[in-house]
Amino acid sequence: MSDAITEFRSATESGDMDALTRVLAPDAELISPLSGRLVFRGRDDLRVLLSAAYGSLTGLRWTEEIGDGARRVLLAEAGIGPFRLTEALVLRLDDQGRIRTLQPHLRPWLTLTYLAVRLALGLSKHPGLMRRAAKAT
C-alpha cells in the first residue's frame, strides 16, 4: 500500500502531475482546507487543483510519514512567495492501495491566505471545477 504514498511524495516534489494522477483512485476527493465545504472530486478536477496548489510551492519537502494501513499522515515544508508553509496531509487509501481521500491542513494563516489568492487566480480559468466542488454530496 505504501507505493502510492511513495509515488505521491515523489510526484508532488518533482511536479510530475501525470504520476500524481496515476496514484489517485478514480473517485478520489479532496476536502478544501480553505472552506471546509468545497469537495473536489475525480482525477481530472484533482489534477487541475493539485497542479495549481503544488505548482505554486517552492522547495516542497515531505519530512515525515505517520501511520500504516489505509490511513496516513504526511508532513511537509515548502515556500510560497516570501512565506514558509507547513502541511499535514491526511490520506486515506482505497482497497487497491490508491489514494481515495486527501485532507490537507495548512499553516500559518498568513501563508494560507497568500496561497488562497494564488489558487483563486489560477482556478478562475476553470469555473466548472469550482461549481462541481460546491455541489452538495
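Position numbers for residues count from 1 along each chain, tracking the sequence in the order it is written. The predicted nature of this model means local features are confined to residues of pLDDT at least 70 and side-chain atom pairs, given and counted, to a pLDDT of 80 or more, with totals for whole chains, interfaces and linings taken over all residues. Hydrogens and water molecules were not included; the side-chain quantities draw on all heavy atoms of the structure.

Caption draft 1: A look at the side chain of glutamate 29. Among the structural elements, glutamate 29 can be located in strand 1 (residues 24–31). Those residues in contact with glutamate 29 that lie beyond four places of it in its chain are Val39, Phe40, Arg41, Leu46, Arg100, Thr101 and Leu102. Secondary structure elements follow DSSP: runs of H or I no shorter than four residues count as helices, runs of E no shorter than two count as strands, and numbering proceeds from the N terminus. We call two residues in contact when some of their heavy atoms are within 4.5 Å.

Caption draft 2: Representation of the nonpolar core. Joining through side-chain atoms within 4.5 Å is the link that ties buried Ala, Val, Leu, Ile, Met, Phe, Trp, Tyr and Cys residues into a set, and such a set is a nonpolar core. Per-residue accessibility, obtained with a 1.4 Å probe over protein chains only, is compared with the maximum for each type, and a residue is labelled buried under 20%, exposed over 50%, and partly exposed between these values. Ranked by internal contacts, the top residues of the largest apolar core, which has 38 residues, are Phe8, Leu46, Ile99 and Leu102. With five residues, helix 3 (residues 43–55) is the largest single contributor of residues to this core. Residues contacting isoleucine 99, with those up to four places away along its chain left out, are Ala4, Phe8, Val23, Leu24, Ala25, Ala28, Leu91, Arg92 and Leu93.

Caption draft 3: Up close: unusual backbone geometry. In this chain, arginine 107 is followed by proline 108 through a cis amide linkage whose omega measures 0°. Topologically, proline 108 is positioned in the loop between strand 6 (99–107) and helix 4 (109–123).

Caption draft 4: Local environment of the sheet that holds strand 6. On the basis of which strands lie adjacent, the open sheet formed by six strands has the order 2-1-6-5-4-3 and mixed pairing. The sheet is open, and its two edges are formed by strand 2 (39–41) and strand 3 (58–66), each paired on a single side. The average undirected angle you get between the axes of adjacent strands in this sheet is 20°. Only when DSSP finds a minimum of two bridges between them are two strands counted as paired. Note that strand 5 (residues 83–93) and strand 6 share eight bridges and pair antiparallel. The residue bridging leucine 93 from the neighbouring strand is isoleucine 99, located in strand 6. Orientation is described by axes fitted as lines to C-alpha atoms, over the contacting stretch for helices, and by angles from 0 to 180 degrees between their N-to-C directions. Across the sheet, helix 4 is in contact with strand 4 (71–80), strand 5 and strand 6; its angle to strand 5 comes to roughly 75°.

Caption draft 5: Up close: the packing of helix 3 against helix 4. Packing of helix 3 against helix 4 brings their axes to within 9 Å, and their N-to-C directions diverge by 135°. In terms of orientation, helix 3 lies oblique with respect to helix 4. Handedness of the helix 3/helix 4 crossing: right-handed. Where helix 3 abuts helix 4, its residues Val48, Leu49, Ala52 and Ala53 lie against Leu115, Leu119 and Leu123. The residue classification treats Ala, Val, Leu, Ile, Met, Phe, Trp, Tyr, Cys and Pro as nonpolar and Asp, Glu, Lys and Arg as charged. All others, Gly included, are polar. Here the contact of helix 3 with helix 4 is built from residues that sort into seven nonpolar, no polar and no charged. For classification purposes, angles smaller than 35 degrees are called roughly parallel, those larger than 145 roughly antiparallel, those between 65 and 115 roughly perpendicular, and all remaining angles oblique. Note: crossing handedness is left-handed where the near helix turns anticlockwise from the far helix by less than a right angle, and right-handed where it turns clockwise.

Caption draft 6: Representation of the pairing of strand 4 in the model. When strand 3 meets strand 4, the two strands line up antiparallel, connected through six bridges. By the bridge assignment for strand 4, glutamate 64 is matched with leucine 75. Counting the residues between successive antiparallel strands, the hairpin from strand 3 to strand 4 contains four residues, one of them, glycine 67, with a positive phi of roughly 100°. Pairing geometry for strand 4 and strand 5, over ten bridges, is antiparallel. Pairing of leucine 75 across the sheet is with alanine 88, part of strand 5.

Nothing here speaks to function; it is all geometry.
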